Amino acid sequence: MTVATVALFGVVLLVGVVTLCLTLPSWARAQLVDRADEASRMVTTLIDTRPIQGPIPSQGEVFLLQVVDAKGEVVAASATLEGEPPLTRAVPVGGDSRILDRVCRAGGENCLIVVGTSNRSTAYGPAVAYAAVRESAVLNVPLLAVILGAAALVLLALMGWAAWIGVGRVLAPVERIRSGLEQISATDLGDRMPVPDTGDEVARLAVTVNDTLGRLEEAVERQRRFVSDASHELRTPLTAMLVRLEACAVRPDPEECAQTLEEALGDARRLSAIVQDLLLMARLDEGTRPAEELLDLGKLVADEMDRRSFRLPFTACVEPRLMVRGNRLRLDRLVTNLLSNADRHGGQAVHVTVSRRGDEGVVEVHDDGPGIPEDQREAIFQRFARLDTARSRDHGGTGLGLAIARDIATAHGGTLRVGDSAKGARLVLRLPLVSPAEEAQSGNE
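One structure accompanies this document, and this report is about it. Bear in mind the structure is a predicted one, so any value in this text is a computation, not a measurement.

What counts, and where the lines are drawn
- Residues numbered from 1 in each chain as written.
- Predicted model: local features only at pLDDT ≥ 70, side-chain atom pairs only at ≥ 80, totals over all residues.
- Heavy atoms only, no water.
- Helix = DSSP H or I, 4+ residues; strand = E, 2+ residues; numbered from the N terminus.
- Contact = heavy atoms within 4.5 Å.
- Areas by Shrake-Rupley, 256 points an atom, 1.4 Å probe, with all protein chains shown as cover.
- Pairing = 2+ DSSP bridges.
- Axes fitted to C-alpha atoms, helices over the stretch in contact; angles between N-to-C directions.
- Buried < 20%, exposed > 50% of the residue type's maximum accessible area, 1.4 Å probe, protein only.
- Lys, Arg positive; Asp, Glu negative; His and termini not counted.
- Salt bridge = Lys/Arg side-chain N within 4 Å of Asp/Glu carboxyl O.
- Polar contact = N/O pair within 3.5 Å; in protein donor to acceptor, adjacent residues only side chain to side chain.
- Parallel < 35°, antiparallel > 145°, perpendicular 65-115°, else oblique.
- Left-handed = near helix turned anticlockwise from the far one by under 90°.
- Nonpolar A, V, L, I, M, F, W, Y, C, P; charged D, E, K, R; others polar.
- Phe/Tyr/Trp six-rings, centres within 6.5 Å; stacked < 30°, edge-to-face > 60°.
- Lys NZ or Arg CZ within 6 Å of the ring centre and 35° of its normal.
- Disulfide = S-S within 2.5 Å.

Regarding its fold elements, the protein chain presents eight helices and 12 strands. The long-range fraction of contacts in the protein chain, counting pairs at least 24 apart against all pairs at least 6 apart in sequence, stands at 62%. Only carbon and sulfur atoms are counted for the fraction: they give 57% of the accessible area of the protein chain, which is about 25800 Å².

This is the structure in structure tokens:
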């Protein structure tokens, strides 16, 4: 990256050097010509009516001045050219009143740019006023190219050195983070990256990487526990089924085999329920959002209560027209899990309420069972969670119902938690209600 940057900068410098070598001499020459031309014309005005007494005064920054008459003799000159021959023998010809010449001394050094302006009616008669300026070094193209090329190479070398040192110093912590991440594997996510005390973007990158590693470690650990629990939950009914079927195969008594088949069928149903719940959990973990529609929350709860057969009697207090947006199948599954959980662990009855709390619809399912200790209110929402023998697999649950219910609630922008209760357990579901404007718009569609 550093080499590529320096190379790109070198190309830019090369283009700049070439451009300057092509344009700077022409521009500088034009400036010198303009300066000499102006001085020459000013001298012609000085000799327009009378001869110059003494040396010709300098005109601005131009001090090499001569006036040459029609005979080719110098009749006036600046102090530096007194006694010198004419700067040039070139004179305006035709209808042109101006000449431009370049005069070099012996050896080709100290070249002058000479501009002459003719005037036919001066105090000296027809005469030419010459003004000369020394050529600048920038007009020497080879020398200019050498100077600019050398300067560009020095600048490029300094830039490369600074980039190598600066970028290396800046990226050193990044390289440590990269090498550290390279050594981390899925089996060991406990390592963390060193955080420099610079407080800059690299430090924030290290903090973000460590936070990401922490979340990844937690997710992997949760996945491991889930796989372990799932294998245990599946192994238990499978083992029981195999033992019963093998016993029936060894002693095929019709009465005993009929009972064995009935028990094996129960194990198969449990396995099917666990597998279905595992598939649903996988789809929820993917984060895909199925088709959604406007649903009456109270009607949805009442329909589920009417459609299912429960062990305990259910009573309900439902507020109408609490509209939510969601997927019907998943919200049905959420409500069914809450009702089934209360029916499984309740003692004599279950009470359900559906009401409005601000801009949320609230579903409360209250059973009169053994209740949930306060320090275990979050544990029941973990996958394959078991609190005690009062809430064990003997009641027929898969251990995934409440975990699935909370994931569905979260996916719909809601919450599911355990509320306070004097007796039994009270599960509280909150879902955001649809605004009247959105409800009306959906109705028009």
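Pairing is antiparallel across the open sheet formed by five strands, whose spatial order is β2-β1-β5-β4-β3. Two strands in the sheet have a free side with no partner beyond their single neighbour: β2 (74-77) and β3 (98-103). Neighbouring strand axes in the sheet, compared pairwise and without regard to direction, differ in orientation by 20° on average. As paired elements, strand β1 (residues 64-69) and strand β5 (residues 127-134) share six bridges and run antiparallel to each other. From the neighbouring strand, Gln66 faces β5, where its bridge partner is Tyr130.

Here the focus is the sheet that holds strand β10 (residues 360-367). Read from one edge of the open sheet, five strands run β7-β9-β10-β12-β11, paired in mixed fashion. On the outer flanks of this sheet lie β7 (314-318) and β11 (415-419), each paired with one strand and no other. Neighbouring strand axes in the sheet, compared pairwise and without regard to direction, differ in orientation by 15° on average. The pairing of strand β9 (residues 350-357) with β10 spans eight bridges and is classified as antiparallel. The partner of Ser355 across the bridge, within β10, is Val362. Relative to the sheet, helix α5 (residues 297-307) contacts β7, β9, β10 and β12 (426-432), its axis offset from that of β9 by approximately 170°.

Another aspect to go through is the side chain of Asp343. Structurally, Asp343 can be placed in helix α6 (residues 328-345). Buried charge without a salt bridge: Asp343, with Arg311 as the nearest opposite-charge side chain at an N-O distance of 4.6 Å. For Asp343, the side chain forms a polar contact with the main-chain nitrogen of Leu312, separated by 2.7 Å. Ignoring any residue separated from it by four or fewer positions in sequence, one finds Asp343 in contact with Phe310, Arg311, Leu312, Phe314 and Val350.

Taken N-terminus to C-terminus, the directions of α5 and α6 make an angle of 60°; their axes are 10 Å apart at the nearest point. Viewed along their axes, α5 and α6 adopt a mutual orientation that is oblique. Every pair of crossing elements has a handedness; the one defined by α5 and α6 is right-handed. Only Leu331, Asp332, Val335, Thr336 and Leu339 of α6 make contact with α5, whose side of the interface consists of Leu300, Val301, Glu304, Met305 and Arg307. Across the contact of α5 with α6, the residue classes tally to six nonpolar, one polar and three charged.

With that settled, the discussion passes to the packing of aromatic side chains. This structure, assessed with the given rule, holds one aromatic pair. Residue placement shows Arg406 over the ring face of Phe381; its charged tip is 4.0 Å from the ring centre.

Time to look at the state of the cysteines. Applying the stated criterion to the full structure yields one disulfide. Shown here is the disulfide that connects Cys104 with Cys111, its sulfur atoms set 1.9 Å apart. Its S-S torsion of approximately 110° makes the covalent link between Cys104 and Cys111 right-handed.

Okay, the environment of Gly298 next. Along the polypeptide, Gly298 turns up in helix α5. Residue Gly298 is classed as buried on the basis of its relative accessible area of 2%. Note: C-alpha distance between Gly298 and Ser355 (57 residues apart in sequence) is 8.0 Å. If we ignore the near neighbours within four places in the chain, the residues touching Gly298 are Val318, Glu319 and Val354.

With that settled, the discussion passes to the environment of Gly180. Its place among the elements puts Gly180 in helix α2 (residues 141-183). What makes Gly180 buried here is its relative accessible area of 16%. The spacing of Gly180 and Pro194 is 14 residues in sequence and 8.9 Å in space, taken between C-alpha atoms.

This part takes up unusual backbone geometry. Although it is not a glycine, Arg321 adopts a positive phi angle of roughly 55°. Within the secondary structure layout, Arg321 lies in the loop between β7 and β8 (323-326).

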